[in-house]
Amino acid sequence: MTSTYKIAVLPGDGIGVEIVPEAVKALKAVAEKFGHKFEFTEALVGGAAYDAVGHPLPPETLAICKSSGAVLLGAIGGPQYDELPVHLRPEIGALLPLRKELALFSNLRPCMLFPGLLEASTIKEEVIRGVDIMVIRELTGGLYFGDKYREKTPDGGQKATDILTYSTYEIERIVRFAFEVARKRRKKLCSVDKANVLESSRLWRETVSGLEKEYSDVETIHMYVDNCSMQLIRDPRQFDVIVTENMFGDILTDEASMLTGSIGMLPSASIGGEVGLYEPSHGSAPDIAGQNKANPLATILSAAMLLRYSFSMDKEAEVIEQAVTRVLEEGYRTGDLLSCSTEEKEIKLLGTREMGDVIVERIMLL
Ligand code: NAD
């Protein structure tokens, strides 16, 4: 009897409602090709959930996620929700608690340059050719989860505080995971911190150093975050696996996305608990929402990660990745992947839905 794999589908806001259906189409094509049974259950999250039921993470949504094998999320947020009380804002009220509830302490963001996209990056070809980096970001600790408060100051102004805390346990768990990932790749680990200034970073560095002996087959280096941000642009090929804390990872991965041509190409997997969460690294892009302009490939590649990490379907994941490679090589592009030099080639500009259709065609052909 064929098993049924349950997937919670949370499109969210903005372009989320456009890109997620394209990833679902790709997953359905994989199911048809390989004879799998995927059961999709859609649920509200973010601003859409707030508008419908008054909270960005309704209990029903959380229950659907917890009873699924994996969660596929689009993006959440938008300017219309920026003035809500903090606990009702989509990211703080939904994304952070979802990560915490599902115990997703580890965020994987592969940053790989598809050969067809060499010219789409704003960085010189000779610098980015062959880039293949896995950024592993700690996801449930640090500044984003620390206490936050405001106080009045005697001069009539205010003082705002965000607490940044990390424990040995939290650091060790993510760093061990990163060492294991590095072992399966090119065996190089770069741990990023700000140990020259921050106490939490000094504990981070000591903890990584303490584990180095156990993973002596992996070449480990330590780098300050400001230097890492510069090195990513100067010589990105020096990196294999990068491991870092929550906020540094948030910022560095957006920077790394530019190596791949567009933030619309960067998928992510958040794992650690029983149910993994898969989402593109970008936000809800309100500036292009509802125009069929968004690049769905980061979400489609996130669906490939879902198959690999939650359902151990490596072959199926590869078929999606190959379909993306093929489509880009054939010159298909969404608007964000166009660059000045692209005019020379035969480029076919597609909308979100049409890009999803071409991917499905290639999945079936491969
Ligand atoms: P963003 O990632 O939404 O957009 C940044 C820029 O990249 C925009 O110009 C946008 O058009 C472009 N872009 C992003 N994804 C694209 C895609 N798939 N195809 C083509 N172009 C794409 O970041 P932002 O503008 O800072 O934030 C917009 C909203 O998204 C905010 O409300 C923010 O809070 C939210 N946000 C949500 C998440 C999430 O859901 N995980 C992450 C980041 C930001």
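Keep in mind it's a predicted model, so treat the numbers as computed, not measured.

Thresholds, definitions, all that
- Residues numbered from 1 in each chain as written.
- Predicted model: local features only at pLDDT ≥ 70, side-chain atom pairs only at ≥ 80, totals over all residues.
- Heavy atoms only, no water.
- Salt bridge = Lys/Arg side-chain N within 4 Å of Asp/Glu carboxyl O.
- Helix = DSSP H or I, 4+ residues; strand = E, 2+ residues; numbered from the N terminus.
- Buried < 20%, exposed > 50% of the residue type's maximum accessible area, 1.4 Å probe, protein only.
- Near = heavy atom within 4 Å.
- Polar contact = N/O pair within 3.5 Å; in protein donor to acceptor, adjacent residues only side chain to side chain.
- Areas by Shrake-Rupley, 256 points an atom, 1.4 Å probe, with all protein chains shown as cover.
- Nonpolar A, V, L, I, M, F, W, Y, C, P; charged D, E, K, R; others polar.
- Domains from an automatic or database assignment.
- Buried area = accessible area lost by both parts, 1.4 Å probe.
- Core = buried A, V, L, I, M, F, W, Y, C linked by side-chain atoms within 4.5 Å.
- Contact = heavy atoms within 4.5 Å.
- Phe/Tyr/Trp six-rings, centres within 6.5 Å; stacked < 30°, edge-to-face > 60°.
- Pairing = 2+ DSSP bridges.
- Expected span 1.5 Å × (residues − 1).
- Arc of directions from axis to C-beta.
- Axes fitted to C-alpha atoms, helices over the stretch in contact; angles between N-to-C directions.
- Parallel < 35°, antiparallel > 145°, perpendicular 65-115°, else oblique.
- Left-handed = near helix turned anticlockwise from the far one by under 90°.

(A) Main features of the pattern of salt bridges. Scanning the entire structure with this criterion turns up 22 salt bridges. R186 is the partner of D132 in a salt bridge, and the nearest nitrogen-oxygen pair spans 3.7 Å. Here the residue D132 occupies a position in strand β5 (residues 132–138), and R186 occupies one in the loop between α6 (168–183) and β8 (188–193), the gap between them amounting to 54 residues. Take D132: its relative accessible area is 27%, and that puts it in the partly exposed class. Overall, R186 belongs to the partly exposed group, its relative accessible area being 41%. Among the ionic pairs, R185 bridges to D240, the shortest N-O distance being 2.8 Å. One end of the pair, R185, is in the loop between α6 and β8; the other, D240, is in the loop between α8 (225–234) and β10 (241–244), and 55 residues separate them in sequence. Accessibility expressed as a relative area gives 23% for R185, which makes it partly exposed.

(B) A look at unusual backbone geometry. Although it is not a glycine, A103 sits at a positive phi angle of roughly 55°. Mapped onto the secondary structure, A103 falls in the loop between α4 (90–101) and β4 (106–112).

(C) Expanded view of the site of the ligand. Taken together, 20 residues lie around the ligand, and I76, E91, G283, A285 and D287 are the ones closest in. One of the backbone nitrogen or oxygen atoms of I76 is found 2.9 Å away from an oxygen atom of the ligand. In the environment of the ligand, an oxygen atom lies 2.4 Å from a nitrogen or oxygen atom belonging to the side chain of E91. Isolated, the ligand exposes 810 Å² of accessible area, and the fraction of that covered by the protein chains is 69%. Partitioning the shell around the ligand into residue classes produces nine nonpolar, seven polar and four charged.

(D) Structural context of the domain arrangement of the protein chain. Domain parsing of the protein chain yields domain 1 (1–106 + 263–366) and domain 2 (121–260). Centre-to-centre, using C-alpha coordinates, domain 1 lies 24 Å away from domain 2. A buried area of about 1400 Å², summed over both sides, lies between domain 1 and domain 2, and 68% of it is on carbon and sulfur atoms. For the pair domain 1 and domain 2, the number of links is zero salt bridges. Of all the secondary-structure elements, those providing two or more residues to the side of domain 1 that touches domain 2 are α4 and β11 (267–271). Per-element tally for the side of domain 1 that touches domain 2: the top contributor is α4, with three residues. Its residues placed into classes, the side of domain 1 that touches domain 2 shows eight nonpolar, three polar and two charged.

(E) Seen up close, the nonpolar core. Membership of the largest hydrophobic core comes to 67 residues, with the highest contact counts inside it found for F38, L72, I136, M265, L307, V324 and I363. For this core, the domains that each give at least three residues are domain 1 (1–106 + 263–366) and domain 2 (121–260). Other than its neighbours up to four places away in sequence, I363 contacts A26, A29, V30, K33, V319, I320 and A323. Judged by nonpolar contacts, the second largest core, of 22 residues, contains C190, M223, V225 and C228.

(F) How the structure looks around the packing of aromatic side chains. Across all of its chains, the model carries seven aromatic pairs by this definition. Note on Y50 and Y81: the rings are 6.5 Å apart at their centroids and 80° apart in plane angle, and the pair reads as edge-to-face. Of this pair, Y50 sits in helix α2 (residues 47–53) while Y81 sits in the loop between β3 (70–75) and α4; the two residues are 31 residues apart in sequence, bridging distant segments of the chain. Residue class for Y50 comes out partly exposed when judged on its relative accessible area of 26%.

(G) Highlighting the side chain of S257. By the element assignment, S257 lies in helix α9 (residues 246–257). Not counting chain neighbours up to four residues away, the residues in contact with S257 comprise S262, I263 and L266.

(H) Main features of the pairing of strand β6 (residues 148–152). Relative to strand β7 (residues 158–162), β6 runs antiparallel, the two being bridged by five bridges. By the bridge assignment for β7, R150 is matched with A160. What sits between β6 and β7 in their antiparallel hairpin is a turn of five residues, with G156 showing a positive phi close to 90°.

(I) Representation of helix α7 (residues 199–212). The end-to-end C-alpha distance of α7, which contains 14 residues, comes to 20 Å, matching closely the 20 Å that a straight helix rising 1.5 Å per residue would cover. Taken together, the buried positions of α7 are occupied by S200, S201, W204, T207, V208 and L211. Burial along α7 is one-sided: seen end-on, the buried residues are contained in an arc of 120°. Those residues of α7 that are exposed and angled more than 90 degrees off the buried face are E199, E206 and G210. Residues of α7 that are buried in the fold lie against β5, α6, β8, β9 (219–224), β10 and α9.

(J) Inspection of the packing of helix α11 (residues 314–329) against helix α12 (residues 352–365) at higher detail. At a minimum axis separation of 9 Å, α11 and α12 run at an interaxial angle of 120°. Viewed along their axes, α11 and α12 adopt a mutual orientation that is oblique. The element α11 and its partner α12 pack so that their crossing is right-handed. Note on element contacts: α12 touches α11 through M355, V358, I359, R362 and I363, opposite V319, I320, A323, V324, R326 and V327. Class assignment of the residues belonging to the contact of α11 with α12 gives a composition of nine nonpolar, no polar and two charged.

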